[in-house]
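Report on the structure
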2 protein chains.
Amino acid sequence: MAFSALIEDFKSVDTSSLVDKVEAKLVQLLKDRKLKVGDSIPKEIELAESLGVSRTVIREALLRLRVMGLIESKKKKGAVITSPDIFGIIGKSMSPHVLDQDTLRDMFELRLILEIGMADFIFQRITPEDLAELKKIVGKEPDATQDYLFNIEHEIAFHGKLYEITGNETLRKFQRMLLPVFDYVHHSGLLKKQINNKRFVSHRGLVEIIENGSPEMFRNAMRNHLENHFSRLFD
Amino acid sequence: MAFSALIEDFKSVDTSSLVDKVEAKLVQLLKDRKLKVGDSIPKEIELAESLGVSRTVIREALLRLRVMGLIESKKKKGAVITSPDIFGIIGKSMSPHVLDQDTLRDMFELRLILEIGMADFIFQRITPEDLAELKKIVGKEPDATQDYLFNIEHEIAFHGKLYEITGNETLRKFQRMLLPVFDYVHHSGLLKKQINNKRFVSHRGLVEIIENGSPEMFRNAMRNHLENHFSRLFD
DNA sequence: CCGGAACCTCAAGTCTTACATAATACGAAT
DNA sequence: ATTCGTATTATGTAAGACTTGAGGTTCCGG
């Protein structure tokens, strides 16, 4: 079919803007050069001249890379490669208000998935100090009647510590990004079912399992601990 | 100490650039106005005038929002709000080559966490059609001696289907982002331990559990299924 | 009355030039 | 030699002009 081939050709005319092309070229340049973090790239003017476009276009392309966290530009040094802090970047752009409801719900679920799934890493990497700190945290565990804000604070401290124990920095960042979303979903009217405050496995119980149990036991206990959230999703 | 207080004061001097401020103002504007997707924001020139800065600055601020996926600008229409596709955005910026080793390893682990943690959602939301498709996929499960590429393809098909079953679109996007990273880490020399090809619980076994078992059983089976990866991390 | 072609308009995209700012390098002065 | 100031340099900000392409309008022909 000469026709479909032709269509394909038409499709392939680049509808992309100048900046798009430059951006692609720069990214490719970065990849090719096997750049390391801290390495610096040519000056804006040099790039402009060598690519035959204005400095404006170069700046816009560089700006994109900067927003994506690929580079960082200093006043005199020019631009240097940086290791992108993925979730830091998204975190900025992602306040709950701008996300649609489906995504919000998805992220709510994502937290549950993570905390159940990370059992093995907790057991593998926990140190005696970690355990001591966990015990200290649950030592102050408030009962259900206690002040609401204090409960929240305690929740964050405990679960945050668990993430920390996994030794997975990316996971922690991810959690920090999820945190406001989770809170938002939890309290906005997004989930129809009411908040259930039955207590299942407590933080104390989880720590007990971390100390004497297995990842398998922990997963089940955590699943149980999170039952209040699950029931709002599933019932 | 008057000194440290002074230092604190000095820290609080506004080191942010003009564009930073404008960006913040715009984001705030978006939040305040309770904008809906598809709504459009003022023209660049108007913004420039009303904020008292040059169009250049406005453009850069807008560009940031665009890169973050908050807005989209058309030739004549001006800029309109869009629902940000979080992982789509990062996916673009995030080829394995630009990530440092720790982050790569973190993301490798993240996949393991997700697949173990998502058990409940699979059981809750699977449909008979999903189950049939899973069976069809494992029906073609290659044995270990088979062609390497075919194995990869099969892996992706099977695990990808599991993500799909969870009904969590954000999770799927996250996985698609993780995929190349996982593959990269798996084959680069990042993990010292050799690839182990012992077979543990098979895909077939997982499907069997999905059909007749419980989330609890599935988590353990999946943990076992992924043992080859875990052992490379832990041993 | 309707369809559509030619034209117009507008806002974003691109380019150019000029100046401001901040970090570094280097040299002079104490 | 240390310190201060100055020159240099590359990014940051500004302003103005021109280009482009998508939307709207007019007006002609059916």
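Small disclaimer: the values here were computed from a predicted structure and weren't measured.

Take the overall build of chain A next. Counting its secondary structure elements, chain A contains 13 helices and three strands. Here chain A holds 235 residues, and 46% of them are scored as buried. Considering only contacts in chain A between residues 6 or more positions apart, those separated by 24 or more positions represent 70%. Roughly 12500 Å² of accessible area belongs to chain A as shown, and the carbon and sulfur atoms make up 54% of that amount.

Along the polypeptide, H225 of chain A turns up in helix α12 (residues 215-225). A distance of 2.6 Å separates the side chain of H225 of chain A from the backbone oxygen of V201 of chain A, its partner in a polar contact.

So, about the pattern of salt bridges. In this structure the tally under the stated criterion is 36 salt bridges over all chains. Here R59 of chain B makes a salt bridge to E60 of chain A, at a shortest N to O gap of 3.1 Å. On the criterion of chain membership, the pair formed by R59 of chain B in helix α4 (residues 55-67) and E60 of chain A in helix α4 (residues 55-67) is interchain, its members lying in two chains. Residue classification places E60 of chain A among the buried positions, given a relative accessible area of 13%.

What follows covers the pairing of strand β3 (residues 78-81) of chain A. Residues and elements named next belong to chain A. Here two bridges tie strand β1 (residues 40-41) to β3, and the two strands are oriented antiparallel to one another. By the bridge assignment, S40 is partnered in β3 with V80. Pairing of strand β2 (residues 71-74) with β3 involves four bridges; the strand directions are antiparallel. Considered in β3, the bridge of I71 is made with I81. Count of turn residues in the β2/β3 antiparallel hairpin: three residues.

Quick look at the nonpolar core now. Judged by nonpolar contacts, the single largest core of 130 residues is most densely connected at L162 of chain A together with L162 and F218 of chain B. With sequence-adjacent residues up to four places away left out, F218 of chain B is seen in contact with E115, A119, I122, F123, L162, L206, I209 and I210 of chain B.

Let us look at the protein's contact with DNA strand C. Surrounding DNA strand C, one finds 19 residues, the nearest of these being T56 and V57 of chain A together with K43, R55 and K75 of chain B. Sugar and phosphate atoms constitute 66% of the interface atoms of DNA strand C, taking the interface as everything within 4 Å of the protein. In the model, a sugar or linking oxygen of DNA strand C is placed 3.3 Å from a nitrogen or oxygen of the K75 of chain A side chain. Taken together, the residues that form the surface near DNA strand C break down as three nonpolar, five polar and 11 charged.

Turning next to the relation of the copies chain B and chain A. Overlaying chain B on chain A yields an RMSD of 0.4 Å, the required transformation being a rotation through 180 degrees with an accompanying axial translation of 0.0 Å. Taken together, these values place the two copies in the relation of a two-fold axis. The rotation axis passes nearest to the C-alpha of G117 of chain B in chain B, at a distance of 1.9 Å. Looking at chain B, 100% of its interface residues are interface residues in chain A too, so the copies touch through the same face.

With 52 residues of chain B at the contact, the number on the chain A side is 53 residues. In this assembly, chain B packs against chain A so that about 4800 Å² is buried in total across both faces, 65% of it on carbon and sulfur atoms. Here chain B and chain A share eight salt bridges between them. Where E109 of chain B meets R125 of chain A, a salt bridge forms, and the shortest distance between an N and an O atom there is 2.6 Å. The tally of links between chain B and chain A comes to 18 residue pairs in polar contact (both at pLDDT 80 or more). Of all elements in the fold, only α2 (18-32), α4, α5 (86-93), α6 (101-117), α7 (119-125), α10 (169-187), α12 (215-225) and α13 (227-234) of chain B reach the threshold of two or more residues within the side of chain B that touches chain A. Each residue belonging to the side of chain B that touches chain A can be placed in one class, and the counts come to 24 nonpolar, 11 polar and 17 charged.

With that out of the way, let us pick up the protein's contact with DNA strand D. Surveying the vicinity of DNA strand D reveals 20 residues, the closest of which are K43, R55 and R59 of chain A together with V19 and V57 of chain B. In DNA strand D, the atoms that sit within 4 Å of the protein are 71% sugar and phosphate, with bases accounting for the remainder. In the environment of DNA strand D, a sugar or linking oxygen lies 3.4 Å from a nitrogen or oxygen atom belonging to the side chain of K75 of chain B. Within the residue set of the surface near DNA strand D, elements represented by two or more residues are α4 and β2 of chain A together with α2 and α4 of chain B. Of the residues assigned to the surface near DNA strand D, the class counts are four nonpolar, five polar and 11 charged.

This brings us to the environment of V53 of chain B. Residue and element names in this part refer to chain B. Along the chain, V53 turns up in the loop between α3 (44-51) and α4. V53 gets classed as buried once you look at its relative accessible area, which sits at 16%. It is 8.8 Å that separates the C-alpha atoms of V53 and V22, two residues lying 31 residues apart in sequence. Other than its neighbours up to four places away in sequence, V53 contacts L18, V22, A48 and I58.

Turning to the packing of α2 of chain B against α4 of chain B, a few remarks are in order. Residue and element names in this part refer to chain B. With their axes 9 Å apart at the nearest point, α2 and α4 run at an angle of 55 degrees to one another. Taken together, the axes of α2 and α4 lie oblique to each other. When the axes of α2 and α4 are compared, the crossing they make is right-handed. When α2 is examined against α4, the residues L18, V19, D20, V22, E23, L26, V27 and L30 are found in contact with a partner set consisting of V57, I58, E60, A61, L62, R64 and L65.

What follows covers the environment of I126 of chain B. Residue and element names in this part refer to chain B. Its place among the elements puts I126 in the loop between α7 and α8 (128-139). Classification of I126 by relative accessible area gives partly exposed; the value is 24%. C-alpha separation for the pair I126 and I210, spaced 84 residues apart in sequence, amounts to 9.0 Å.

Now for α4 of chain B. What sets the pattern is the α-helix's 3.6 residues per turn: residues three or four places apart point alike. All names here are of chain B. With 13 residues, α4 extends 18 Å between its outermost C-alpha atoms, agreeing within 8% with the 18 Å of an ideal straight helix rising 1.5 Å per residue. Along α4, the positions that sit buried rather than exposed are V57, I58, E60, A61, L62, L63, R64, L65 and V67. Count one or two residues on from α4 and you reach G69, which has phi positive near 85 degrees.

Definitions and limits used
- Residues numbered from 1 in each chain as written.
- Chains lettered and ligands numbered in written order.
- Predicted model: local features only at pLDDT ≥ 70, side-chain atom pairs only at ≥ 80, totals over all residues.
- Heavy atoms only, no water.
- Helix = DSSP H or I, 4+ residues; strand = E, 2+ residues; numbered from the N terminus.
- Buried < 20%, exposed > 50% of the residue type's maximum accessible area, 1.4 Å probe, protein only.
- Contact = heavy atoms within 4.5 Å.
- Areas by Shrake-Rupley, 256 points an atom, 1.4 Å probe, with all protein chains shown as cover.
- Polar contact = N/O pair within 3.5 Å; in protein donor to acceptor, adjacent residues only side chain to side chain.
- Salt bridge = Lys/Arg side-chain N within 4 Å of Asp/Glu carboxyl O.
- Pairing = 2+ DSSP bridges.
- Core = buried A, V, L, I, M, F, W, Y, C linked by side-chain atoms within 4.5 Å.
- Near = heavy atom within 4 Å.
- Nonpolar A, V, L, I, M, F, W, Y, C, P; charged D, E, K, R; others polar.
- Least-squares fit on C-alpha atoms with pLDDT ≥ 70 in both.
- Buried area = accessible area lost by both parts, 1.4 Å probe.
- Axes fitted to C-alpha atoms, helices over the stretch in contact; angles between N-to-C directions.
- Parallel < 35°, antiparallel > 145°, perpendicular 65-115°, else oblique.
- Left-handed = near helix turned anticlockwise from the far one by under 90°.
- Expected span 1.5 Å × (residues − 1).

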